[in-house]
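# Per-entry structural report
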Amino acid sequence: MKIPVIRKILEKNEERATELRERFDKNNTLVLNLISSPGAGKTTLLVRTLSALKDQFKMGVIEGDIQTTADAERIAQTGVQTVQINTEGACHLDSNMIYAATQKMDLGGLDILFVENVGNLVCPAEFKVGEDFKIALLSIPEGDDKPEKYPLLFSEAKVLLLNKIDLLPYLDFDVEKVKRVVKTLNKDIEIFMVSAKTGQGFDEWLTWLKNRVLEKKQGK
Amino acid sequence: MHEMSIAQGIMDVVKQEMTKNKMKVLLKVKIRAGKLNAIVPEALQVCFDMLLQDTPWPGAMLEIETIPIKLKCPKCSQEFLPEDQEYMGSIIQAPCPNCGTDIGHEIVSGKELLIEYIEAE
Ligand SMILES: Nc1nc2c(ncn2[C@@H]2O[C@H](COP(=O)(O)OP(=O)(O)O)[C@@H](O)[C@H]2O)c(=O)[nH]1
Ligand SMILES: [Mg+2]
Ligand SMILES: [Zn+2]
Ligand SMILES: [Zn+2]
């Protein structure tokens, strides 16, 4: 007997993600899902961002991309509340992992919650974790063909951070091409050129963040 | 390797449907997978077969229909399949074949990840 189903394969993950999102919305917490290849600079970017904003905002980090314990220590040194997820073997975070992590956190009054996803450009884009926005990071040494090869992430991201621009003079990376390609499927994406190492370009990124926090406070 | 999570997702839904419809033996599952999800069908098949071993119906079949990427031009509303055209092998550097617009295309299909039907008795 043939039984029509028409249900989403990832519906369980999405239901849990929706629950999480409702909780974060109630708290007016801005939640950002950071996605990139391994080594693109998510942790370095986070450390610099947290250091710059920690006197203004109450923030938290869910760290799902621990390569070495040094990573966690770098985040912990900023003094920002951090929960580590043991993702050994997993290629993405899912909403259940985030749910479990939030059980260990003090969410009260949190302005921003950063989720550092597993280093991978494919499936983290498919598994919602209750975020307001996906933030894609692409670092200059990875090459300018990544958005063409991984269109889903770049079509869903609200922001693209082009990181390691301090290395631009040494590498063949066509910034204009990347911008054009990304906008094929994502006209309104915000693209910021940054160096998490030197801090170059951070003003614009931090301003974007502050504006999103304000909007979230106003319940938008 | 997100195929294991996807196979798990299929199993979750299938088990619910089997119970709901009071079925005893699962014969087949048909899914639709958009090209943008970058699923490797062979890998999904292996994961699905592995999970089947822990069910009462280890012989069930999985049929995967891959759905091509279809875009819609924001300017002239033309729908087109970017992969059909020869844009230097890229699936998203896709000017509209009708008016040439190359930013802001809407994704009409290619993102779906659905169970279409099951066959059971
Ligand atoms: N030159 C340069 N190196 C960077 C920059 N950002 C990060 N890195 C380096 O890239 C490596 C990987 O960074 P990490 O933050 O651990 O990447 P993650 O895996 O995405 O978290 C480290 O050696 C960083 O010091 C940058 O803007 N410029
Ligand atoms: Mg990291
Ligand atoms: Zn995965
Ligand atoms: Zn057109």
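Residues numbered from 1 in each chain as written. Chains lettered and ligands numbered in written order. Predicted model: local features only at pLDDT ≥ 70, side-chain atom pairs only at ≥ 80, totals over all residues. Heavy atoms only, no water.

### Things to note about the overall build of chain A
A tally of helices and strands in chain A yields eight helices and eight strands. Taking 2.2 N^0.38 as the reference for a compact globule, 220 residues should give roughly 17 Å; the C-alpha atoms of chain A span a radius of gyration of 17 Å, in line with that estimate. Within chain A, buried positions represent 56% of all 220 residues. Residue pairs at least 24 apart in sequence account for 77% of intrachain contacts in chain A once pairs closer than 6 positions are excluded. Just so you have it, chain A exposes about 9,500 Å², and 47% of that area is on carbon and sulfur atoms. Computing the positive centroid from 31 side-chain charges and the negative centroid from 33, chain A places the two 3 Å apart. (Helix = DSSP H or I, 4+ residues; strand = E, 2+ residues; numbered from the N terminus. Rg over C-alpha atoms; globule rule 2.2 N^0.38 Å. Buried < 20%, exposed > 50% of the residue type's maximum accessible area, 1.4 Å probe, protein only. Contact = heavy atoms within 4.5 Å. Areas by Shrake-Rupley, 256 points an atom, 1.4 Å probe, with all protein chains shown as cover. Lys, Arg positive; Asp, Glu negative; His and termini not counted. Charge placed at Lys NZ, Arg CZ, Asp CG, Glu CD.)

### Considering the coordination of the magnesium ion (ligand 2)
All names here are of chain A. Within the protein, the magnesium ion (ligand 2) binds to Thr43 (OG1) and Glu116 (OE); these donor distances fall in the range 2.1 Å. Taken together, the positions of Thr43 in helix 2 (residues 42–53) and Glu116 in strand 5 (residues 112–116) put the pair 73 residues apart, joining distant regions of the chain. Neither Thr43 nor Glu116 differs from the other in exposure class; each is buried. (Donors = N, O, S within 2.8 Å, 3.2 Å for Na, K, Ca; no water.)

### Some words on the site of ligand 1
Residue and element names in this part refer to chain A. In the vicinity of ligand 1 lie 19 residues, with Gly39, Lys42, Thr43, Thr44 and Asp166 positioned nearest. Separating an oxygen atom of ligand 1 from a backbone N or O atom of Lys42 is a distance of 2.8 Å. In isolation ligand 1 has 580 Å² of accessible area, and contact with the protein removes 77% of it. If one sorts the elements of the shell around ligand 1 by residue count, helix 2 sits on top with three residues. Taken together, the residues of the shell around ligand 1 sort by class into four nonpolar, eight polar and seven charged. (Near = heavy atom within 4 Å. Polar contact = N/O pair within 3.5 Å; in protein donor to acceptor, adjacent residues only side chain to side chain. Nonpolar A, V, L, I, M, F, W, Y, C, P; charged D, E, K, R; others polar.)

### Some details on helix 4 (residues 95–103) of chain A
All names here are of chain A. Residues of helix 4 that are buried: Ser95, Ile98, Ala101 and Thr102. Summarising the axial view, the buried residues of helix 4 lie within an arc of 120 degrees, below the 170-degree limit, and thus occupy one face. Those residues of helix 4 that are buried lie in contact with helix 1 (11–26), strand 3 (59–63), strand 4 (81–84) and strand 5. Its side-chain oxygen 3.1 Å from the backbone nitrogen of Asn96, Asp94 forms the N-cap of helix 4. (Arc of directions from axis to C-beta.)

### Details of the packing of helix 2 of chain A against helix 8 (residues 202–217) of chain A
Residue and element names in this part refer to chain A. In the contact formed by helix 2 and helix 8, the axes pass within 11 Å of each other and the chain directions differ by 65 degrees. Taken together, helix 2 and helix 8 sit at an angle that is classed as roughly perpendicular. The way helix 2 lies across helix 8 gives a crossing that is right-handed. Taken together, the residues of helix 8 that come into contact with helix 2 (itself represented by Leu45, Arg48, Thr49, Ala52 and Leu53) are Phe202, Trp205, Leu206, Leu209 and Lys210. In terms of residue class, the contact of helix 2 with helix 8 is made up of seven nonpolar, one polar and two charged. (Axes fitted to C-alpha atoms, helices over the stretch in contact; angles between N-to-C directions. Parallel < 35°, antiparallel > 145°, perpendicular 65-115°, else oblique. Left-handed = near helix turned anticlockwise from the far one by under 90°.)

### Considering unusual backbone geometry
Residues and elements named next belong to chain A. Within the chain, Ile6 stands out as a residue other than glycine whose phi angle is a positive 50 degrees. Relative to the helices and strands, Ile6 is located in strand 1 (residues 2–8). Look at Ile6 and you get partly exposed, because its relative accessible area is 47%. Positioned with a positive phi, Asn28 is a non-glycine residue whose angle comes to about 55 degrees. Residue position: Asn28 is located in the loop between helix 1 and strand 2 (30–35). Relative accessible area serves as the criterion here: at 23%, Asn28 is assigned to the partly exposed category.

### Overview of the sheet that holds strand 6 (residues 113–120) of chain B
Strands in a sheet are paired, the pairing made by backbone hydrogen bonds, and the direction either parallel or antiparallel. The sheet built from four strands is open, its strands ordered 1(A)-6(B)-1(B)-2(B) with mixed pairing. Only two strands of the sheet have a single neighbouring strand rather than two, namely strand 1 of chain A together with strand 2 (61–67) of chain B. The mean inter-strand angle of the sheet, taken between neighbouring strand axes irrespective of direction, is 20 degrees. The sheet contact formed by strand 1 of chain A and strand 6 of chain B spans five bridges and is antiparallel. Bridge pairing links Lys8 of chain A to Leu114 of chain B in strand 6 of chain B. Against the sheet, helix 1 (residues 3–20) of chain B contacts strand 1 of chain A together with strand 1 (26–34), strand 2 and strand 6 of chain B, and its axis sits at roughly 45 degrees relative to strand 6 of chain B. (Pairing = 2+ DSSP bridges.)

### Overview of the confidence of the model for chain B
Overall, the predicted model of chain B reaches an average pLDDT of 91, with 91% of residues at or above 70. Predicted complex metrics record ipTM = 0.90 and pTM = 0.95. (pLDDT = per-residue confidence, 0-100.)

### What to know about the packing of aromatic side chains
Residues and elements named next belong to chain A. According to the stated counting rule, one finds two aromatic pairs over all chains in the structure shown. Connected via pairs of aromatic rings, a cluster forms that spans Phe133, Trp205 and Trp208. Directly above the aromatic system of Tyr99 lies the positively charged group of Arg16, at a separation of 3.9 Å from the ring centroid. A cation over an aromatic ring shows up here: Arg48 above the ring of Phe202, its NZ or CZ 5.8 Å from the ring centre. (Phe/Tyr/Trp six-rings, centres within 6.5 Å; stacked < 30°, edge-to-face > 60°. Lys NZ or Arg CZ within 6 Å of the ring centre and 35° of its normal.)

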